[in-house]
Amino acid sequence: MDNFERFQTFVVQQAAKEGPISPPITGSAAFSYGDPDTATDIFAGRAKKPLYARMGNPTLSYLERLVAGIDQADGAVGFASGMGAIAALMSAFLQSGDEVVCVGGLFGGSFAFFSETLPRFGVQTRFFAKAEEVQISPKTKILYCESVGNPTTTIVDFAKLGEIARAHGLLFVVDNTITPLLFEPFRWGADVVVYSTTKIIAGHAQALGGAVAYKEPRAQLLERFSFLGKFYENLGKDAILGVLKKRALRDYGMSMSAYNAYLTILGLETLALRIQRVTKSAQRVAEALRDVAEVYYGSDERYFPHGIGPMMAVDFGSEERAYRFLQNSKMLYITANIGDARTLGLHMESTIYKDFTPEQKRYLGITPGLVRLSIGLENPDVLIEDLLAAAKS
Ligand code: PLP
């Protein structure tokens, strides 16, 4: 059984066999513990009951179980957004003086977080285009990459990064937002996987959200991050959950609401079906657009045997032609999102990457004619006809 079939079966079978099939939305900010002993146990992490909605709620717990199932992880922690998940992970694991190494293309928000925000807290990031170029210093603690670099679909050598993480005792983080089920980060050495669930996991522009999925931490990490070792003594394979909640979520409060968790669950139940369909359509769109523009839509048999998902970048050579394409398509929704049920498009340089320096834009592959597309569930023939006509206009 392939990964899509496995997850599709798992995800729809999680509902209780008696009672509501659609999970209840627990709309409470606080939970009554009943007696003082139970309160003590909940705060000590011994009783798995809700503490306070900033730290989680039952609807979110349900979603977290489903998200963990995407990668057969030991668990997952949900956050208010993808950036919330990334910020929580970094602030939970890093301290002033530490360094991060990022490899390959990066989403603009993540790039800004690593290059502008973390330095304000004394954490420096170095960026490398390829795994082969990576240099690690004694201060490096985290190795970070995206499964498919946003927006030009760069693909890095994950196995090599996994080796580097082991050789230097680094936490290896992969943002798998664009390719859930298509790519298996844990298989190639990732220690944690980050998702913006806002994208194809929720899938209908209905809810902002994020998550970090984890497995039992490697012995090497328990030593390198001493606080992780302490959480491991109490929580075992869920040590990373403890770190995320007690060293970030509790204090920063980037918590996902029960309502957003509910909406995300509804989307997730069809993720496996949608991602296969949009990937097939995207492959066809990329092929068709290659006749009229430069298309960035990578492929890699080893890491992505079923394709790289819905996102591609198309370079029309000039801003003017890129604008014309966006204006003249009758089907595109012009928006800063990806992974939606609808096909989306956005000019990169004038929007997400507007404030970046020429050097940063060069590193990220942002050119004046670049448009990011995210292919949706429309009929691919109708879509291709519309996009080709817009490209030739
Ligand atoms: N990671 C990737 C690869 C993204 O594309 C995005 C958003 O575009 C994010 C993270 C941030 O997610 P969110 O918008 O949910 O904060």
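Predicted, not measured: the structure shown is a model, and the values here were computed from it. (Residues numbered from 1 in each chain as written. Predicted model: local features only at pLDDT ≥ 70, side-chain atom pairs only at ≥ 80, totals over all residues. Heavy atoms only, no water.)

A few words now on the overall build of the protein. A tally of regular secondary structure across the protein gives 14 helices and twelve strands. Whereas a compact globule of 393 residues would reach a radius of gyration of roughly 21 Å, the protein reaches 21 Å, a difference of no more than 12%. Summarising its shape, the C-alpha atoms of the protein cover approximately 70 × 55 × 40 Å along the three principal directions. The proportion of buried residues among the 393 residues of the protein is 57%. Within the structure as shown, the protein displays about 16,500 Å² of accessible surface, and the carbon and sulfur contribution to it stands at 52%. One finds the centroid of the 40 positive side-chain charges in the protein at a distance of 3 Å from the centroid of its 42 negative side-chain charges. (Helix = DSSP H or I, 4+ residues; strand = E, 2+ residues; numbered from the N terminus. Rg over C-alpha atoms; globule rule 2.2 N^0.38 Å. Buried < 20%, exposed > 50% of the residue type's maximum accessible area, 1.4 Å probe, protein only. Areas by Shrake-Rupley, 256 points an atom, 1.4 Å probe, with all protein chains shown as cover. Lys, Arg positive; Asp, Glu negative; His and termini not counted. Charge placed at Lys NZ, Arg CZ, Asp CG, Glu CD.)

The step from N150 to P151 runs through a cis peptide bond, and the omega angle for that step is 5°. Assignment of secondary structure puts P151 in the loop between β4 (140-146) and α6 (158-168). Its identity is not glycine, yet A205 carries a phi of approximately 50°, on the positive side. As for its position among the elements, A205 is in the loop between β6 (192-196) and β7 (210-214). Residue classification places A205 among the exposed residues on the basis of a relative accessible area of 53%.

Let us look at the domain arrangement of the protein. Along its sequence, the protein is organised into domain 1 (3-268) and domain 2 (271-392). Distance between the C-alpha centres of domain 1 and domain 2: 27 Å. Facing 45 residues of domain 1, the contacting portion of domain 2 comprises 41 residues. Taken together, the two surfaces of domain 1 and domain 2 that pack against each other cover about 3,400 Å², and 68% of this comes from carbon and sulfur. Contact with domain 2 buries area across many residues of domain 1, yet P151, L182 and I200 alone supply 20% of it, more than any other trio. (Domains from an automatic or database assignment. Contact = heavy atoms within 4.5 Å. Buried area = accessible area lost by both parts, 1.4 Å probe.)

A general feature of soluble globular proteins is that nonpolar side chains tend to end up buried together. Grouped together as the largest cluster of nonpolar side chains are 50 residues, with contacts concentrated most on L143, L161, M312, F325 and L373. Non-local contacts of M312, meaning those with residues more than four positions away in its chain, are made with P151, T153, A282, V285, A286, V295, Y296, Y297, V371, R372, L373 and I375. Core analysis: the next-biggest nonpolar cluster, separate from the first, contains 48 residues, F93, V173, Y214 and F356 among them. (Core = buried A, V, L, I, M, F, W, Y, C linked by side-chain atoms within 4.5 Å.)

So, about helix α8 (residues 226-235). The set of residues buried in α8 consists of F227, L228 and G229. Just downstream of α8, G236 is the residue with a positive phi angle, here 55°.

As a further point, take the environment of H168. Its place among the elements puts H168 in helix α6. Linking H168 and K141, residues 27 residues apart in sequence, is a C-alpha distance of 8.5 Å. Once residues lying within four places of it in the same chain are set aside, the contact partners of H168 are I136, Q220 and R224.

Strand order in the open sheet formed by seven strands is β1-β7-β6-β5-β4-β2-β3, and the pairing between neighbours is mixed. The open sheet is flanked by β1 (75-79) and β3 (124-128), the only strands paired with a single partner. Averaged over all pairs of adjacent strands, the angle between their axes in this sheet comes to 20°, without regard to strand direction. Where β4 meets strand β5 (residues 171-175), five bridges bridge the pair, whose relative direction is parallel. In the strand pairing of β5, E146 is matched with D175. On top of the sheet, helix α4 (residues 82-93) reaches β1, β4, β5, β6 and β7; it is set at about 150° to β6, its chief contact. Helix-sheet contacts for helix α5 (residues 108-120) involve β2 (99-103), β3 and β4, and the interaxial angle to β3 is about 145°. (Pairing = 2+ DSSP bridges. Axes fitted to C-alpha atoms, helices over the stretch in contact; angles between N-to-C directions.)

All right, on to the pairing of β4 then. For β4, the buried fraction is high: seven of the seven residues fall into the buried class. In this view, the connection linking β4 to its parallel neighbour β5 by way of α6 has right-handed handedness. (Right-handed = clockwise from strand over helix to strand, strands pointing away.)

Before going further, it helps to spend a moment on the site of the ligand. The environment of the ligand is formed by 13 residues, the closest being G82, D175, S196, T198 and K199. The contact in question runs from an oxygen atom of the ligand to an N or O atom on the backbone of M83, over 2.8 Å. Compared with its free state, where it exposes 390 Å², the ligand has 91% of that area covered by protein. In terms of residue class, the shell around the ligand is built from three nonpolar, seven polar and three charged. (Near = heavy atom within 4 Å. Polar contact = N/O pair within 3.5 Å; in protein donor to acceptor, adjacent residues only side chain to side chain. Nonpolar A, V, L, I, M, F, W, Y, C, P; charged D, E, K, R; others polar.)

Here we come to the sheet that holds strand β10 (residues 333-334). On the basis of which strands lie adjacent, the open sheet formed by five strands has the order β8-β9-β12-β11-β10 and mixed pairing. Each end of this open sheet is capped by a strand with a single partner; those strands are β8 (294-296) and β10. In the packing of helix α11 (residues 271-289) onto the sheet, the strands contacted are β8, β9 (311-315) and β12 (370-374), and the crossing angle to β9 comes to about 10°. Of the strands in this sheet, β10, β11 (344-347) and β12 are in contact with helix α12 (residues 319-328), which crosses β11 at around 155°.

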